[in-house]
Amino acid sequence: MSGRLWGALSLAVAAIVSAGAAAQDVVKVGMIAEMSGPFAETGRQMVNGAKAYQKVFGETVGGRRVELIVRDSTGPAPEVAKRLAQELLVNDKVDFLAGFGLTPNALAVAPLATETKRPMIVMNAATSVITQKSPYIARVSFTLAQVAAPLGTWAAKNGIAKVYTLVADYGPGIDAEVAFKKTFVAGGGEIVGEVRTPLRNVEFAPYLQRIKDARPQAVFIFLPVGEQPVAFMKGFAERELDKAGIRVIATGDVTEDGQLEAMGETPLGVVTTHHYSAAHDSAQNRTFLKAFADVAGPDFKPNFMAVGAWDGMAAIYEAIRRNGSGPIDGDRVLAALKGLKIDSPRGPIMIDPETRDVVQTVYVRRVQKRGGRIYNVEFEQIPNVKDPGK
Ligand code: PHB
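Residues numbered from 1 in each chain as written. Predicted model: local features only at pLDDT ≥ 70, side-chain atom pairs only at ≥ 80, totals over all residues. Heavy atoms only, no water.

Q: Sorry if this is basic, but what is going on with the side chain of asparagine 48 here?
A: Relative to the assigned elements, asparagine 48 resides in helix 2 (residues 40–57). Not counting chain neighbours up to four residues away, the residues in contact with asparagine 48 comprise Phe292, Val295, Ala296 and Phe300. (Helix = DSSP H or I, 4+ residues; strand = E, 2+ residues; numbered from the N terminus. Contact = heavy atoms within 4.5 Å.)

Q: Please clarify how the domain arrangement of the protein should be interpreted in this entry.
A: When the parts of a complex come together, some accessible area is lost, and that lost area is often taken as the interface size. Structurally, the protein comprises domain 1 (10–142 + 281–356) and domain 2 (145–274 + 363–385). The distance between the C-alpha centroids of domain 1 and domain 2 comes to 30 Å. Taking both partners together, domain 1 and domain 2 bury about 1600 Å²; carbon and sulfur atoms supply 59% of that area. On inspection of domain 1 and its partner domain 2, the count reaches zero salt bridges. At the junction of domain 1 and domain 2, the tally comes to four residue pairs in polar contact (both at pLDDT 80 or more). Those elements giving two or more residues to the side of domain 1 that touches domain 2 turn out to be helix 2, helix 4 (103–116) and helix 10 (304–323). Here the side of domain 1 that touches domain 2 takes three residues from helix 2, the largest share from any one element. Partitioned by chemical class, the residues of the side of domain 1 that touches domain 2 number nine nonpolar, seven polar and three charged. (Domains from an automatic or database assignment. Buried area = accessible area lost by both parts, 1.4 Å probe. Salt bridge = Lys/Arg side-chain N within 4 Å of Asp/Glu carboxyl O. Polar contact = N/O pair within 3.5 Å; in protein donor to acceptor, adjacent residues only side chain to side chain. Nonpolar A, V, L, I, M, F, W, Y, C, P; charged D, E, K, R; others polar.)

Q: What's the story with the confidence of the model for the protein in this structure? I'm lost.
A: Do not read the fine detail of predicted coordinates wherever pLDDT is low. Residues with a pLDDT of 70 or more make up 94% of the protein, whose mean pLDDT is 94. No element of the protein has a lower mean pLDDT than helix 1 (residues 3–25), which averages 52, and none a higher one than strand 5 (residues 120–122), which averages 99. Counting interchain partners and residues more than four positions distant, the pLDDT-below-50 stretch residues 13–21 has zero contacts. (pLDDT = per-residue confidence, 0-100.)

Q: Before we go on, may I ask you to explain the environment of threonine 287 in this structure?
A: Considering the arrangement of structural elements, one finds threonine 287 in helix 9 (residues 283–296). Sequence separation of threonine 287 and valine 163 is 124 residues, and the distance between their C-alpha atoms is 39 Å.

Given below as structure tokens:
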């Protein structure tokens, strides 16, 4: 063999070997998020939250580069989410599945996590049952039952006796309704009416009229982040339910920080329970807010979904550290995640080793003006709340 040919061959071999080493040095995170359609807000929040984390903590951990691969589920579309997950697992060979703003998408992908033993980090989707659908799922967000149950207790204790409930007619809405009702009724409250509204294309006017006619002291609502809370609050003001003496109490999804100012002054005074407010006063939250503004621009306000993605990346980074060198191993990752504590922008959280759901403080907040801006201002907290839906 000529010296020249030998040289070319050994160069080719070196290239193949280094490509192998490079593959080992990259950890791929396949993020399935709602990037278009009426729920695009959830995807944009999550992707920017994950990018903000990488901006602060870097793109490498334990000597490996963490590559985010984002795919658009287009909305509540289980078939699309499932196909995207298959492609990410088979073609891109991702080490982690992540994202999931909406429950139907998370549920559709859960069996694939089990089949492939790949860790699946749920950064928002909040129906209680999700974590029970695969032992390879860990959730870093919250559950609707976790925030709605404390609100039922709070309402009964704070002079609200008659409530009408209105929730989106799918997993998280039903969980919210059931959990709220249970603690509210146990506290002496009465449910005077209830309705579940469609997940797509909802027209609130007829429901609002019925609620007005029933004359409750408050309406309890859960609607998924996006266009619906804005439409509800607009209709509420237009039909003058506020003037009829009806208050809104809700899970924090309805007054989420991203859209809050777009609702104008109508939500002022609304009391909600949730796990994160942009007004939370801590060094971690200040770091998060600054990083988010750096990646997404000052006009795009982050909400709890961005925080879920930030914390999801924190969990993934720690799992990579604890996995050590060698291929990412699903069982080792899940062992690392069980009991993991994260200093989140929302406050300290822990992934419950038994349920793989977050144990966290739930805050009672009121929509208020502060320095000319509108915020969810925390005024009470309930520490160490587990998902009561299990
Ligand atoms: C969900 O589909 O699980 C979901 C969507 C939006 C929310 C909360 C939960 O605000």
